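Letter by letter, the chains look like this.
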2 protein chains.
Amino acid sequence: MTSTLITNIGELVTNDPALGDGSFLGIVHDAALVIEGEQVAWVGVASKAPPTDAREDVGGRAVVPGFVDSHTHLVFAGERSVEFAARMAGERYTGGGIMTTVAATRAASDTALRAHSSRLATEMLASGTTTIEIKSGYGLNVPDERRLLEIAREFTPETTFLGAHVVPPEYASDRDGYIDLVCGEMLEACAPFARWIDVFCDTGAFTAEETRRILRAGVTAGLAPRLHGNQLEHGPGARLAVEFDAASVDHCTYLSDADIEVLAASDTVATLLPAADFSTRSPYPDARRLIDAGVTVALATDCNPGSSFVTSMPLCIALAVREMRMTSAEALYAATAGGAAALRRDDIGRAAPGARADLVLLDAPTFVHLAYRPASPIVARSWKGGNVRG
Amino acid sequence: MTSTLITNIGELVTNDPALGDGSFLGIVHDAALVIEGEQVAWVGVASKAPPTDAREDVGGRAVVPGFVDSHTHLVFAGERSVEFAARMAGERYTGGGIMTTVAATRAASDTALRAHSSRLATEMLASGTTTIEIKSGYGLNVPDERRLLEIAREFTPETTFLGAHVVPPEYASDRDGYIDLVCGEMLEACAPFARWIDVFCDTGAFTAEETRRILRAGVTAGLAPRLHGNQLEHGPGARLAVEFDAASVDHCTYLSDADIEVLAASDTVATLLPAADFSTRSPYPDARRLIDAGVTVALATDCNPGSSFVTSMPLCIALAVREMRMTSAEALYAATAGGAAALRRDDIGRAAPGARADLVLLDAPTFVHLAYRPASPIVARSWKGGNVRG
């Protein structure tokens, strides 16, 4: 196994407090890092680096853990810029919403879906994202939900069955019939290609009782739970997530004090999606209240063609700092270690011995530039499993 | 002179209402465009294109005029991420502000300044900006102001003498002495390298009377006026700009009804800098009020290391749509034709016969994606004076 020394790292963020300056980011200055195969083998000050087969000098720039985007809807067809423009102009839009994407996705060939997803995954890697989660939810019938997950599996092991995204119009007069399908034949077809089960538990989507039923079926089929919740108004999402020991509850714009207390005492992460709030001109969640209460926060893009056609984690970090008053350090942690926690992974989201060598080299002296230089091309390169990418 | 046909343009934005669909963007669908030397020679529907020497098919994607960034402070040294982080955390920051950059810039070699400016100009071109304005203002003494403008001139003919950026500490007890210098020896040294004269006319910067004196001296030296004004509070900036027939008054966050009436009746453009408002967590100007009153609006980055370390015009467009309620069409027009008006140029900011072939190819079916896909890499390529760049 070849070992490579990455050296002259002006600022290395490890996310391991034991390794660095004592802060939760575990920063090492004038650092070096050894990649051995797919893993990080050593981290420390450059002057103490061990001998290696190869050596690369990164010129004093910053290195951070690869971003973990724990909430995307990456496999879809079509676009909804007309709906976006109408929404931004404050006009009433009577188009199809999610069903527009469902129709386009059902009609698309595997080849077209794969090519489009690949383009977006490439954008993500180029902007520093080394792990993505991908949900189904634009099929909403047995063959298409299964097809989306099969394609998603080609891009990531973190695939999520979201048959319970919305009730499709075919079942408008038979909600229970659709939920039966989701919990029965659809789940059976999808489970082999999914790690997670997700439900959109919110006003206009699925109720608490429906959500419980679907999550129970998913867990029985061997899937681990996660939830969309508390996006549109106060509701049971966060508490249900904790009740099921879900890895994450995502959106979290409307949370009561009780919700936050329950989350803080749990292993459930609150995943915030500021690019969706940006693109829908919605209020941002109160990240400070969550962090100050001790809740683990993750940032994710929510990449989808309706509410957040965004692939850039650096934009999410900039929005978290500008709009949600997270510090740059909290935002970076949420985009890396937070995302890893939201996927219950301890092999990613940190740059420490034993972790996967998923890393980002910034064309900047410090990670603060991720928020200080919004939309600038400061991601110089990513390593994924030790291989240079992007 | 070689002629090249760019064809299979799904959506061509010309900014010439006579050419297209009747809207102010002058959109032509299924379009083609002929580049001859440095200029656009022909525009129309692809099926009617004339014969040319060469031909390129852009696959149904959108083409828009190159962005005109009419307000930047591109030539500087150093960075101020610590100040940014403190400001975002709501902490009182007692560092040097602009003077930090002045000190770093004065200390930097020509070679270092040129390399740093070149990197930023390259970022801008890669994000679709084909014309930039560059201000001095980080020298604040005769040799350094002149040096910054000489370097700026290497990047653009649109150079602006901004000796009146702030009063440097050396002159803290002698404001009039500094203004004498700006209007005398400094102006004389700088005028050969500048097209424009600018003053930061705002609370804590220069007063109305000081601004008048400096602009008069600049005009006498053959420079054309433009102003920073109405950024921090209500003030005389916009009215002074009109009084001097300035090409533009920039920032415009605090405008009275009278200011807007005066602007609407003038040839002075209101240049809005939303990336600065983003990066300083400041209120955004009321673009709707300006546009609805008939004021010509431009968008620019204000690229500088203190308040807006941003090179991306697409980010400014996205912010204009999200935060200032401009339509995507208004925002694109402001970033192209608006910027051209703010520089009193009619050869740029449009894709029509006779204009410079400054164009942007988007990896998107429509310009709406500039706001719909914030921070995504949708600028496929720029042409500057007919040459492929970026």
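None of the values given here were measured: they were computed from a predicted structure.

What counts as what
Residues numbered from 1 in each chain as written. Chains lettered and ligands numbered in written order. Predicted model: local features only at pLDDT ≥ 70, side-chain atom pairs only at ≥ 80, totals over all residues. Heavy atoms only, no water. Helix = DSSP H or I, 4+ residues; strand = E, 2+ residues; numbered from the N terminus. Buried < 20%, exposed > 50% of the residue type's maximum accessible area, 1.4 Å probe, protein only. Contact = heavy atoms within 4.5 Å. Pairing = 2+ DSSP bridges. Phe/Tyr/Trp six-rings, centres within 6.5 Å; stacked < 30°, edge-to-face > 60°. Arc of directions from axis to C-beta. Buried area = accessible area lost by both parts, 1.4 Å probe. Salt bridge = Lys/Arg side-chain N within 4 Å of Asp/Glu carboxyl O. Polar contact = N/O pair within 3.5 Å; in protein donor to acceptor, adjacent residues only side chain to side chain. Nonpolar A, V, L, I, M, F, W, Y, C, P; charged D, E, K, R; others polar. Axes fitted to C-alpha atoms, helices over the stretch in contact; angles between N-to-C directions. Least-squares fit on C-alpha atoms with pLDDT ≥ 70 in both. Core = buried A, V, L, I, M, F, W, Y, C linked by side-chain atoms within 4.5 Å. Domains from an automatic or database assignment. Parallel < 35°, antiparallel > 145°, perpendicular 65-115°, else oblique. Left-handed = near helix turned anticlockwise from the far one by under 90°. Right-handed = clockwise from strand over helix to strand, strands pointing away.

A. Quick look at the overall build of chain A. Per the secondary structure count, chain A includes 13 helices and 16 strands. Referenced to the eigenvectors of the C-alpha coordinate spread, the extents of chain A come out at roughly 70 × 45 × 45 Å. Within the span of chain A, comprising 390 residues, buried residues form 61% of the whole. Looking at chain A alone, contacts between residues at least 24 apart form 70% of all its contacts between residues at least 6 apart.

B. Quick peek at the pairing of strand 7 (residues 129–135) of chain B. Residue and element names in this part refer to chain B. Most of strand 7 sits inside the fold, with seven of its seven residues counted as buried. Relative to strand 7, strand 6 (residues 67–69) runs parallel, the two sharing three bridges. What sits directly across from D69, in strand 7, is I132. Examined bridge by bridge, strand 7 and strand 8 (residues 158–164) share three bridges and lie parallel to one another. Along strand 8, the bridge assignment pairs I134 with T159.

C. Seen up close, the packing of aromatic side chains. Tallied over the full model, the rule gives twelve aromatic pairs over all chains. Between Y372 of chain A and F309 of chain B, the aromatic rings sit 5.3 Å apart at their centres with planes inclined by 85°, giving edge-to-face as the arrangement. You can see Y372 of chain A sitting in helix 13 (residues 369–372) and its partner F309 of chain B sitting in the loop between strand 13 (297–299) and helix 11 (313–324), one on each of two chains. F309 of chain B sits in the buried class, given a relative accessible area of 4%.

D. Highlighting unusual backbone geometry. All names here are of chain B. One non-glycine residue, N8, lies in positive phi territory at about 60°. With respect to the secondary-structure elements, N8 resides in strand 1 (residues 3–13). Positive phi values are uncommon outside glycine, yet D302 reaches one of about 60°. Mapped onto the fold, D302 is located in the loop between strand 13 and helix 11. A relative accessible area of 2% places D302 in the buried class.

E. The arrangement of helix 2 (residues 98–107) of chain B in detail. Of all the residues in helix 2 of chain B, the buried ones are T101, V102 and T105 of chain B. Taken down its axis, helix 2 of chain B places every buried residue within 105° of arc, on the same side.

F. How the structure looks around the interface of chain A and chain B. If you look at the interface, chain A gives 40 residues, while chain B gives 40 residues. A buried area of about 3400 Å², summed over both sides, lies between chain A and chain B, and 58% of it is on carbon and sulfur atoms. Summed over the three residues of chain A that lose the most area to chain B, namely F278, R322 and Y372 of chain A, the buried surface amounts to 24% of that side. The tally of links from chain A across to chain B stands at two salt bridges. For E123 of chain A, the salt bridge identified is with R373 of chain B, shortest N-O distance 2.9 Å. Linking chain A with chain B are 24 residue pairs in polar contact (both at pLDDT 80 or more), by the criterion used here. Looking at the side of chain A that touches chain B, the elements with two or more residues in it are helix 1 (81–88), helix 3 (110–126), helix 9 (274–279), helix 11 (313–324) and helix 13 of chain A. Ranked by the residues each element gives to the side of chain A that touches chain B, the list is headed by helix 11 of chain A, at six residues. Of the residues contributing to the side of chain A that touches chain B, the split by class is 20 nonpolar, nine polar and eleven charged.

G. Structural detail: the sheet that holds strand 12 (residues 269–272) of chain B. All names here are of chain B. One open sheet accounts for eight strands, arranged 6-7-8-9-10-11-12-13; its pairing is parallel. Bordering the open sheet on either side are strand 6 and strand 13, each of which pairs with just one other strand. Along the sheet, successive strands turn relative to each other by an average axial angle of 25°, direction set aside. In this structure, strand 11 (residues 248–251) lies alongside strand 12, joined through three bridges in parallel fashion.

H. Region of the structure containing the relation of the copies chain A and chain B. When chain A is brought onto chain B, the operation consists of a screw motion whose angular component is 180° and whose axial shift is 0.0 Å, with 0.0 Å RMSD remaining. As the rotation angle and translation indicate, the two copies are arranged about a two-fold axis. Identified as the residue of chain A closest to the rotation axis by C-alpha distance is A375 of chain A, at 2.5 Å. Comparing interface residues between copies, 100% of those in chain A also lie at the interface in chain B; the contact surface is shared.

I. How the structure looks around the nonpolar core. In this structure, F161, L299 and F367 of chain A together with F161, L299, M326 and F367 of chain B are the most contacted members of the largest nonpolar core, which totals 205 residues. Here F367 of chain A is in contact with E11, V13, L25, I27, A62, V64, S328, A329, L332 and L362 of chain A, once residues within four sequence places are set aside.

J. Summary view of the domain arrangement of chain A. Residue and element names in this part refer to chain A. The assigned domain composition of chain A is domain 1 (3–66 + 349–389) and domain 2 (67–342). For domain 1 and domain 2, the distance between their C-alpha centroids amounts to 29 Å. With 21 residues of domain 1 at the interface, the matching set in domain 2 holds 20 residues. In total, about 1600 Å² of surface goes out of reach between domain 1 and domain 2, with carbon and sulfur atoms giving 73% of it. Contact with domain 2 buries surface across domain 1, with F24, G66 and L370 losing the most and accounting together for 28% of the total. Taken together, domain 1 and domain 2 are joined by zero salt bridges. Seen at the junction of domain 1 and domain 2, the total is three residue pairs in polar contact (both at pLDDT 80 or more). Top element by residues in the side of domain 1 that touches domain 2 is strand 15 (residues 379–384). It accounts for four residues. Of the residues contributing to the side of domain 1 that touches domain 2, the split by class is 14 nonpolar, four polar and three charged.

K. Main features of the packing of helix 3 (residues 110–126) of chain B against helix 4 (residues 142–153) of chain B. Residue and element names in this part refer to chain B. Where helix 3 meets helix 4, the closest approach of the two axes is 10 Å, and the angle between their N-to-C directions is 45°. As summarised for this structure, helix 3 and helix 4 are arranged oblique, according to the angle between their axes. Of the two possible hands of crossing, helix 3 and helix 4 adopt the one that is right-handed. Residues D110, L113 and R114 of helix 3 pack against R147, L148 and I151 of helix 4. Class assignment of the residues belonging to the contact of helix 3 with helix 4 gives a composition of three nonpolar, no polar and three charged.

L. Layout of the pairing of strand 9 (residues 196–201) of chain B. All names here are of chain B. For strand 9, the buried fraction is high: six of the six residues fall into the buried class. Burial along strand 9 is two-sided: W196, D198 and F200 and I197, V199 and C201, pointing in opposite directions, are all buried. Here three bridges tie strand 8 to strand 9, and the two strands are oriented parallel to one another. By the bridge assignment, F161 is partnered in strand 9 with I197. As a crossover connection, the stretch from strand 8 through helix 5 (residues 175–190) into strand 9 is right-handed. Both strand 9 and strand 10 (residues 224–229) contribute to a ladder of six bridges, which runs parallel. When the sheet's bridge partners are listed, W196 is paired in strand 10 with A224. The handedness of the strand 9 to strand 10 crossover, carried by helix 6 (residues 208–220), is right-handed.

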